[in-house]
Each structure stands twice: as structure tokens, then as C-alpha cells.
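Overview (structure and organization)
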Amino acid sequence: MENAFQIYVGIDLAVVAAHQAWVLDDRLKKIGEKAFEPSAGSIQAFVEWLHELAAGRPIAVGLEAPHGAVVEALLERGVAVFHINPKQVDRFRDRETVSGAKDDRRDARVLARALCTDFDCFHEVQAAAPEIVRLRELSRERDDLLGDLGAAANRLRDQLTRYYPQALRLCPAASAPWFWEVLELAPTPEEAVHLELERVKAILKRRRITKRKPKEVIHVLKEQPVKVAAGLTEACRGHVRRLTAILATTHKALREVETHLAAELEKLRQPVEGDQGKAEHRDAEILLSMPGVGEIVGATVLSEAAEALRARDYTRLRTLAGIAPVTKASGLRRHSGGRKQGGGRGQRKAQVVMRRACSPRLRNALHHWAAVAAQWDPAAKAHYKALTEAGQTRGRALRGVADRLLRILFAALKSGKLYDPGHQAKSPYAAAAIAA
């Protein structure tokens, strides 16, 4: 990364309190510091102050979070912004003091000095395209709604176990929309006695439920109720009615988000006109052509790894997704067998462990991508089989499959061509699968 800046700014971002900024020149001399509130007016005033202080000299700003109002304001005014992993900042802090002292002013100074002296440790923040921003927010909102649905369904199940356990035989997880509708009609065993068959039949038909029959649903709900303390049924009834309303509303919002997400993804799939007037495939279309990639995995990878995809940086993406392992080779390590025959000491052996510092959303996306590909794609299936037969665990084998899929993806991105199963059939893994 080329360093042509003369002003280096470290910003320690706060959630509620004031942000702290520290400004150095290219000789590590302090030329200013400023605390500013996390409000629109204060942030704009800080950007103006920074430009006045720089007096036309190129500015580089270093911080830990690559997003937020401060980042957007700086990018809008043409200021170069760079981010770094907080764990690395912790190591740079130890370089300045061994006492473990920590405060906002110190952290801002550490960021500014590290940006000046160790520029290559930082990654540049680039403004994402509007469609990528929308896709990222929709993808994250979908995950939040799924979490809310799971939490509310667990609460509903807990309430039903207290006074209405037979209802959970119809839906043990209490997570099906048709089950919520039935509970709205019969939230207690006493009300289930008057439940009409036609109303249950209409719910099952509308929801396209074939595993449960209307008579079976009514028969289960009308079973002998458990004896509970006086007043408990009435109290739980109100709780269940409110929970089913929350679940129905959240489920509707989830479906709306998924519809908008699919529409945004379809826009990204449309070919674009190249420099010579020829339509070229876009990254979204190439990614979605890969085996095992659906709308959810595709949207997550496109939005969470936009910079790595744009830069065609395979190494960075496999690191962000936790696919690249961590090697620890320090000192003398022995084989598990201890001393070798003849009394000699064991050989040096590096320890390879799973990478923990990564994006959880990308890790989950690539895990599901590899799992689906290993089930349906012949080459991925053969690769997964070879890794598991070699003694690797399921998780480690799936990371190996994901690594192979990433290499294929970046080859396709660089060539601008869609995934070709016929071309991949020539690989040794696919040949082994066909032979088997």
C-alpha cells in the first residue's frame, strides 16, 4: 500500500461519550487534538477543523470500525480512511506502555502513530455502492428477525409447557405459522373443546400443511388437560396471545425483507455494458452460478466481503471468513507419540488451529455453502469424502471444501465467466466421484 500522506489522524470512537482525535505530521509531531460529540453538527465541525489544520496536505485517518457516521462524513469530504483490527491496536498500545494503562486520548494517539509507522497494517475503507449497502442492511436485518423469531418461539414453547403441553405434540418447536394461528383460535384446553373442524381445515389448507390432518389437530388439543394452579391458565393465556401476535408480525416482516433482498440481488445479477459495448457478467451473477450458493449465502458474501471481491483478494476473503487456518510453530513441538524408537527426540511439528478472529456472518455463510455443495456437487462431494477419510473432522473438511470453492470463484471472477460444471468435471475430485 503506497503511503503518500502528510497528516495522520487517529480517532477513538465512542458510543455515547465524545469521540477523541489525535493529529500528527509525518515526523510524528503532534499538531492537534480534539474531542467532539457523536452528533451531526459536531462531526461536520470536526471535519472542517481537520481540513483547516491540514492546510491542503493529504490526510489519512485511522480507526477501528470501518463504518459509522464519522467514517461516512470523512469519505464524503474526500478524506482517506483506514481501519485496523482492535486486537492489533491492543498490541500497538503495548508498544507504547507496558503498564496496561488505557484511555481515549491514549488510544487516539496510538492509532495515529501506528498509521504513520505501520501503514501496511491498515486497510483502506472505500464507499460501497448503494446497491451493496441496501443488500447488506437487508441481509443483516433478516438475521436479526430470525433471531427475534427464535427467541419468541422459545418463550411460547416455555409457556405452553406450563399449562398446555399436549399442544407441543403438534409442533415441538412452536415455530410454525400455522401453529400460531391455531393457538389464536384455541389458546387454552377449555377453548379447544369448542374448536371447529372447518376453521382448522382452512388454516392447514392455506398454509399448505399436509403432515397434520384437521381431525388429528383437534383430537390432540382436546386431550385431558393437566391440572395447574388456580389463575395460571388465564395468565398464560394472555401471554400466549401476545406472543403469537408478536410471532405473526415478525414473520410477516421477515417475508417482506426476504422479498426485498431477492429483488436487490436480481438487480445485481443484471449484466453491465463493458468498455467495448459488450455485456459482461457481474460479480453477483458469477457467485450465484457456483454450486451450493443460494440467495441468502450469495447476499451475505456479496455484502460482507464487498471490498475483498472488488479487489479480487482471495487471501483476504479466506481470512475474513475464517477459512484460512492459524499456524503456531514456536519452540520444540513433539509428535503425540513422544520419543521415537531408538531414544531420539521427537521432530518439530507446527500446530494448525481454526481461525477464530473472523466475520461470524461470513463464516456461517461459507459453512452452509460448503455443506450444500458437498451434498450435491460431485467434485465437492469427492473432496469432502477425501478429507474426512484422511481423518479430518466435519468442520475442518467443510472449510477445506469452502477453500476450494473460493479458489474456483476467484478464478471465475478474474476471467469474467460463469461457473462451468463441465470444466470442473475434468478435475481429479470430480473424476473420482464419477468413478465411484
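Residues numbered from 1 in each chain as written. Predicted model: local features only at pLDDT ≥ 70, side-chain atom pairs only at ≥ 80, totals over all residues. Heavy atoms only, no water.

With that settled, the discussion passes to the overall build of the chain. Secondary structure assignment for the chain yields 19 helices and ten strands. In the chain, buried positions account for 41% of the 436 residues. Counted over contacts in the chain with a minimum sequence separation of 6, partners at least 24 positions apart contribute 62%. Here the chain has roughly 23900 Å² of accessible surface; of this, 51% comes from carbon and sulfur atoms. (Helix = DSSP H or I, 4+ residues; strand = E, 2+ residues; numbered from the N terminus. Buried < 20%, exposed > 50% of the residue type's maximum accessible area, 1.4 Å probe, protein only. Contact = heavy atoms within 4.5 Å. Areas by Shrake-Rupley, 256 points an atom, 1.4 Å probe, with all protein chains shown as cover.)

A separate point is the nonpolar core. Formed by 82 residues in total, the largest nonpolar core has its most connected members in Phe179 and Trp369. Sorting elements by how many residues they give to this core places helix α17 (residues 394–415) first, with eleven residues. Apart from residues no more than four positions distant in its own chain, Phe179 is found in contact with Leu160, Ala167, Leu170, Cys171 and Ala174. (Core = buried A, V, L, I, M, F, W, Y, C linked by side-chain atoms within 4.5 Å.)

What the six strands build is an open sheet, ordered β3-β2-β1-β4-β5-β6; its pairing is mixed. Of all the strands in the sheet, the pair left with one neighbour each is β3 (30–36) and β6 (123–125). Between one strand axis and the next, the sheet turns by 25 degrees as a mean value, whatever way the strands run. Sheet topology places strand β1 (residues 7–12) next to strand β4 (residues 59–63); four bridges connect them, and they run parallel. Within β4, the residue paired with Tyr8 across the bridge is Ala60. Of the strands in this sheet, β1, β2 (19–25), β3, β4, β5 (80–83) and β6 are in contact with helix α2 (residues 69–76), which crosses β5 at around 145 degrees. (Pairing = 2+ DSSP bridges. Axes fitted to C-alpha atoms, helices over the stretch in contact; angles between N-to-C directions.)

Next up on the list: the packing of aromatic side chains. Going through the model one piece at a time under the given rule, you end up with eight aromatic pairs. Considering the side-chain rings of Phe5 and Phe82, the 5.6 Å spacing of their centres and the 80 degrees angle between planes classify their relative orientation as edge-to-face. Of this pair, Phe5 sits in the segment before β1 while Phe82 sits in strand β5, and the two are 77 residues apart along the sequence. Neither residue differs from the other here; Phe5 and Phe82 are each classed as buried. Linked through ring pairs, Phe5, Phe82 and Phe119 together constitute an aromatic cluster. The positively charged end of Lys30 is found above the aromatic ring belonging to Trp22, 4.3 Å away from the centroid. Against the face of Trp49 rests Lys34, its NZ or CZ located 5.6 Å from the ring centre. (Phe/Tyr/Trp six-rings, centres within 6.5 Å; stacked < 30°, edge-to-face > 60°. Lys NZ or Arg CZ within 6 Å of the ring centre and 35° of its normal.)

Burial along β5 is two-sided: Ala80 and Phe82 facing one way and Val81 and His83 facing the other are all buried. Relative to β5, β4 runs parallel, the two sharing four bridges. Paired with Gly62 across the two strands is Phe82, which belongs to β5. For the crossover from β4 across α2 to β5, the handedness is right-handed. Where β5 lies against β6, three bridges are found, and the strand directions are antiparallel. Considered in β6, the bridge of His83 is made with His123. (Right-handed = clockwise from strand over helix to strand, strands pointing away.)

As a further point, take the pattern of salt bridges. Counted by the stated rule, this structure contains 32 salt bridges. Arg312 is the partner of Asp283 in a salt bridge, and the nearest nitrogen-oxygen pair spans 3.0 Å. Of this pair, Asp283 sits in helix α11 (residues 283–288) while Arg312 sits in the loop between α13 (306–310) and α14 (314–320), placing them 29 residues apart in sequence. Judged by relative accessible area, which is 25%, Arg312 ranks as partly exposed. (Salt bridge = Lys/Arg side-chain N within 4 Å of Asp/Glu carboxyl O.)

Next up on the list: the pairing of β2. Buried residues dominate β2, accounting for seven of its seven residues. Both faces of β2 are covered, namely the face carrying His19, Ala21, Val23 and Asp25 and the face carrying Gln20, Trp22 and Leu24. Sheet topology places β1 next to β2; six bridges connect them, and they run antiparallel. Residue Ile7 lies in a different strand from β2, and its bridge partner there is Asp25. Hairpin connection from β1 to β2: six residues lie between these consecutive antiparallel strands.

Attention shifts here to the packing of helix α12 (residues 295–304) against helix α15 (residues 360–376). Orientation of α12 relative to α15, taken along the N-to-C sense of each, is 140 degrees, at an axis distance of 9 Å. Here α12 runs over α15; the crossing is left-handed. Across the interface between the two elements, Val297, Thr300, Val301 and Glu304 of α12 pack against Arg361, Leu362, Ala365, Leu366, His368 and Trp369 of α15. (Left-handed = near helix turned anticlockwise from the far one by under 90°.)

Here the phi dihedral of Ala174 falls at roughly 55 degrees; this positive angle occurs in a residue that is not glycine. With a phi close to 55 degrees, Arg312 is a non-glycine residue in the positive phi region.

Assignment of secondary structure puts Ile218 in helix α9 (residues 214–221). Assessed through its relative accessible area of 10%, Ile218 is described here as buried.

Its location among the elements puts Thr188 in the loop between α6 (177–185) and α7 (189–192). Here Glu191 takes part through its side chain, which lies 2.9 Å from a polar atom of the side chain of Thr188. (Polar contact = N/O pair within 3.5 Å; in protein donor to acceptor, adjacent residues only side chain to side chain.)

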